[in-house]
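Structure assessment
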Amino acid sequence: MTELNAHFRGRAEFAPTTRYRLLPCRFTRLDGTRYVATNDVGEHVVMTDDQLRAFATRRLAVDSALYRSLKARHFVFDDDSLVAVDLLALKYRTRAAAIANLTGLHIFVVTLRCDHSCHYCQVSRQTEERTQFDMSREHADKALEIAFATPSPQLKIEFQGGEPLLNFDLIKYIVERATALNTGFRKNLQFVIASNLTHLSDEIIAFSKEHEVYYSTSLDGPEAIHNANRPLRGASSHAAAIAGIHRIREALGPRFISALMTTTPASLSRVTEIIDEYVAHGFRSIFLRNLSPYGFAVRTSLVRRYDVDDWIEFYKRGLGHIFELNKRGVRLREELTTIVLQKMFLPSGSHYVDLQSPAGIAIGALVYNYDGMIYASDEGRMLAEMGDKSLCLGSVDTESFESVMTNERLIGLLDDSLLESVPMCTDCAFLPYCGADPVFHQATMHDSVGHKAFSGFCSKQMAVFRHVITLLEDDPAARNILMSWI
């Protein structure tokens with residue numbers, strides 16, 4: 001027995017060393033008394049001013065709970081934890097791996113025609129009879145060639161408009177053509193139609209069921225809000241949307257339909273009613289989305305009728321109501337918050353296009369407009385409708401996937417959108433959770449990088465990050481709910 005014990009060292013041999021070194025990290029104020037520090041893979045630690053100073057000057061007691069937390073989350077390493085550097089590198093590589101699988105989302109704008117007159121419409125919609133604003137089969141074929149050339153094993157083809165169901169014959173053609181092509185490529189192929197559902201027919205339903213087509217629609221809230229935001233001549237757009245939602249669920253199943261809302265000035269005081277409308281119609285998630293500075297939202301000055309602080313208050317009240325619903329057994333999550341949580345806690349982060357570094361333009365999605373022009377993002381197409389074609393990457397008539405992705409304009413935008421080299425972003429503690437939005441800054445500041453101190457995008461995202469981290473730190477019940485969403 002004595003001989004066996006001789007092979008084990010005493011407890012003192014495993015005591016932490018009094019020397020430690022810092023791994024890369026950033027910090028910023030969380031509130032009036034605390035700071036939040038993050039590292040390159042999204043781990044975070046909240047500290048007081050004194051704790052932060054002790055940590056940064058290497059005076060932190062190595063037997064303290066804070067030191068153990070910092071060591072476990074790759075903020076420090078000592079002689080007994082050199083493996084932490086390799087583990088940190090592995091985590092960083094995992095989060096960045098998706099960049100190599102270029103462009104899994106391909107958006108086909110099959111028509112600009114639409115029967116709605118939405119006040120915040122981001123494109124130049126056209127009346128239903130103007131078929132010259134429909135995509136041709138020739139352009140669709142060439143766009144499919146580009147789409148299938150992507151190295152991504154996932155291929156999602158999304159149909160947008162206008163109202164894409166007004167050109168359903170082309171949708172049928174693209175779905176059938178893509179399905180045939182995929183017998184050779186063997187990609188994980190998915191189809192989505194972004195529709196207001198007013199033109200849903202038995203034929204469309206049957207085709208969608210046969211090809212497992214998903215739907216995304218708009219639901220801005222109760223009838224009065226939805227109809228005011230999304231006028232439909234001679235009818236209720238809300239009634240049409242609800243009827244379409246239930247029809248798709250009955251025929252295809254609940255997972256084949258999702259909805260998206262847009263916050264307008266009329267929405268700001270009615271967030272609980274909007275959320276309750278989603279619950280009433282069986283949805284298990286809601287995206288409390290703010291207005292975007294494109295299209296009719298700019299022309300009608302709608303986007304200037306509330307600011308970031310108004311939306312943040314709307315968001316916080318909405319999140320609070322969602323927590324109360326969850327406590328009562330109603331399962332509902334908020335999607336922007338879920339994306340933030342994914343970036344904070346999941347090994348691969350989140351692939352949400354608007355929060356990527358470098359930006360998700362082209363890397364995350366390509367857009368093929370009705371006229372065959374290619375854009376680096378859906379917002380880039382909207383920007384072009386406003387006269388700024390800086391995100392246009394050429395035409396399907398002349399471009400290949402390789403030429404699009406090596407476009408000098410695109411390379412420059414991606415280079416400018418790498419947060420680690422962007423002024424103010426490089427020092428921000430929220431960098432691992434955030435992303436660059438060159439289209440937003442081009443639209444609002446006429447500069448793809450923008451001045452972050454005056455950026456509405458930055459103000460919004462930082463407020464959301466602070467609120468989520470505060471909830472995780474200070475509200476155990478909220479933390480349990482938030483963690484259940486991922």
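Look up: the structure comes first, before these words.
Residues numbered from 1 in each chain as written. Predicted model: local features only at pLDDT ≥ 70, side-chain atom pairs only at ≥ 80, totals over all residues. Heavy atoms only, no water.

A short note on helix 6 (residues 168-185)
- The end-to-end C-alpha separation of helix 6 is 25 Å, in line with the 26 Å expected for 18 residues at 1.5 Å each.
- In the core, the buried residues of helix 6 are packed alongside strand 6 (105-109), helix 5 (137-148), strand 7 (154-160), strand 8 (188-194) and helix 7 (202-211).
- Among the residues trailing helix 6, Arg186 stands out with phi positive, at a value near 55°. (Helix = DSSP H or I, 4+ residues; strand = E, 2+ residues; numbered from the N terminus. Expected span 1.5 Å × (residues − 1). Contact = heavy atoms within 4.5 Å.)

A short note on the side chain of Ser218
- For Ser218, the location among the structural elements is in strand 9 (residues 213-218).
- Among the residues examined, Ser218 registers a relative accessible area of 18% and is labelled buried.
- For Ser218, the contacting residues outside a window of four places in its chain are Ser195, His226, Arg230, Ala241 and Leu260. (Buried < 20%, exposed > 50% of the residue type's maximum accessible area, 1.4 Å probe, protein only.)

A closer look at the side chain of His139
- Here His139 lies in helix 5.
- For His139, a relative accessible area of 16% puts it in the buried group.
- Not counting residues within four places of it along the chain, the set of residues in contact with His139 comprises Tyr370, Asp371, Gly372, Val396 and Asp397.

Comments concerning the packing of aromatic side chains
- Evaluated as defined, the whole model comprises 15 aromatic pairs.
- A ring pair is formed by Phe27 and Tyr35, whose centres lie 6.1 Å apart and whose planes are at 75°; its orientation type is edge-to-face.
- For Phe27, a relative accessible area of 45% translates into the label partly exposed.
- Every member of this aromatic cluster is reached through a ring pair, and the members are Phe108, Phe159 and Tyr368.
- Directly above the aromatic system of Phe283 lies the positively charged group of Arg249, at a separation of 4.5 Å from the ring centroid. (Phe/Tyr/Trp six-rings, centres within 6.5 Å; stacked < 30°, edge-to-face > 60°. Lys NZ or Arg CZ within 6 Å of the ring centre and 35° of its normal.)

Concerning the sheet that holds strand 15 (residues 373-375)
- Spatial strand order, 12-10-9-8-7-6-14-15-16: nine strands in an open sheet with mixed pairing. Each end of this open sheet is capped by a strand with a single partner; those strands are strand 12 (288-289) and strand 16 (392-395).
- Bridge count for strand 6 against strand 7 is five bridges, and the pairing is parallel. Within the sheet, the bridge partner assigned to Leu105 lies in strand 7 and is Lys156. (Pairing = 2+ DSSP bridges.)

Concerning empty space enclosed by the protein
- Within the structure shown, the criterion is met by three cavities of 30 Å³ or more.
- Reported here for the largest cavity is a volume of approximately 80 Å³.
- Contributing to the lining of the largest cavity are Val353, Asp354, Ala359, Gly360, Ile361, Ser377, Glu379, Ala436, Asp437, Pro438 and Val439. (1 Å grid on protein atoms, 1.4 Å probe; cavity = no way out; pocket = protein on both sides within 12 Å on 5 of 7 lines; lining within 4 Å. Points joined across faces, edges and corners; volume = space filled by probe spheres on them.)

Let's talk about the environment of Arg95
- Along the chain, Arg95 falls in helix 4 (residues 83-96).
- Along the sequence, Arg95 and Gly349 sit 254 residues apart, while their C-alpha atoms lie 6.0 Å from each other.
- Setting aside anything within four residues of it in sequence, one finds Arg95 in contact with Asp40, Val41, Lys343, Leu346, Pro347, Ser348, Gly349 and Pro432.

What about the packing of helix 12 (residues 308-327) against helix 18 (residues 456-474)?
- Interaxial distance between helix 12 and helix 18 falls to 10 Å at its minimum, and their mutual angle equals 30°. Considering their axes alone, helix 12 and helix 18 lie roughly parallel with respect to each other. Relative to helix 18, the crossing made by helix 12 is right-handed. Every residue of helix 18 that contacts helix 12 at Val308, Trp311, Ile312, Tyr315, Lys316, Leu319 and Phe323 is listed here: Gly456, Ser459, Lys460, Ala463, Val464, His467, Val468 and Leu471.
- The class makeup of the residues in the contact of helix 12 with helix 18 is ten nonpolar, three polar and two charged. (Axes fitted to C-alpha atoms, helices over the stretch in contact; angles between N-to-C directions. Parallel < 35°, antiparallel > 145°, perpendicular 65-115°, else oblique. Left-handed = near helix turned anticlockwise from the far one by under 90°. Nonpolar A, V, L, I, M, F, W, Y, C, P; charged D, E, K, R; others polar.)

Some points on the sheet that holds strand 2 (residues 25-29)
- Ordered in space as 2-3-4, the three strands form an open sheet in which the pairing is antiparallel. Each of the sheet's edge strands pairs with one partner strand only, and the pair in question is strand 2 and strand 4 (44-48). Direction aside, the axes of adjacent strands within the sheet are offset by 25° on average.
- Of the strand pairs in this sheet, strand 3 (residues 34-39) and strand 4 are connected by five bridges, and their pairing is antiparallel. The partner of Thr38 across the bridge, within strand 4, is His44.

Concerning helix 9 (residues 237-252)
- Compared with an ideal rise of 1.5 Å per residue, which puts 16 residues at 22 Å, helix 9 spans 22 Å between its outermost C-alpha atoms and is within 8% of the ideal.
- Listed in full, the buried residues belonging to helix 9 are Ser237, His238, Ala240, Ala241, Ile242, Gly244, Ile245, Ile248, Arg249 and Leu252.
- Looking at the buried residues of helix 9, the elements they touch are helix 7, strand 9, helix 8 (223-229), strand 10 (257-262) and helix 10 (271-280).
- Positive backbone phi, approximately 120°, marks Gly253, located one or two places after helix 9.

Overview of the pattern of salt bridges
- Considering all chains together, one arrives at 18 salt bridges under this definition.
- Residues Glu313 and Arg317 are paired through a salt bridge, measuring 3.5 Å at the closest nitrogen-oxygen approach. Residue Glu313 and its partner Arg317 are both found in helix 12; the two are separated by four residues, about one turn of the helix.
- Relative accessible area serves as the criterion here: at 41%, Glu313 is assigned to the partly exposed category.
- Overall, Arg317 belongs to the partly exposed group, its relative accessible area being 33%. (Salt bridge = Lys/Arg side-chain N within 4 Å of Asp/Glu carboxyl O.)

Things to note about the environment of Gly42
- Position of Gly42 among the secondary structure elements: in the loop between strand 3 and strand 4.
- Judged by relative accessible area, Gly42 falls into the buried class, the value being 0%.
- The residues contacting Gly42, other than those within four sequence positions of it, are Lys343, Met344, Pro432 and Tyr433.

Let's talk about the pairing of strand 10
- With four bridges connecting them, strand 9 and strand 10 associate as parallel partners. When the bridges of strand 10 are listed, Thr217 appears paired with Ala259.
- When strand 10 meets strand 12, the two strands line up parallel, connected through two bridges. Within strand 12, the residue paired with Met261 across the bridge is Leu288.

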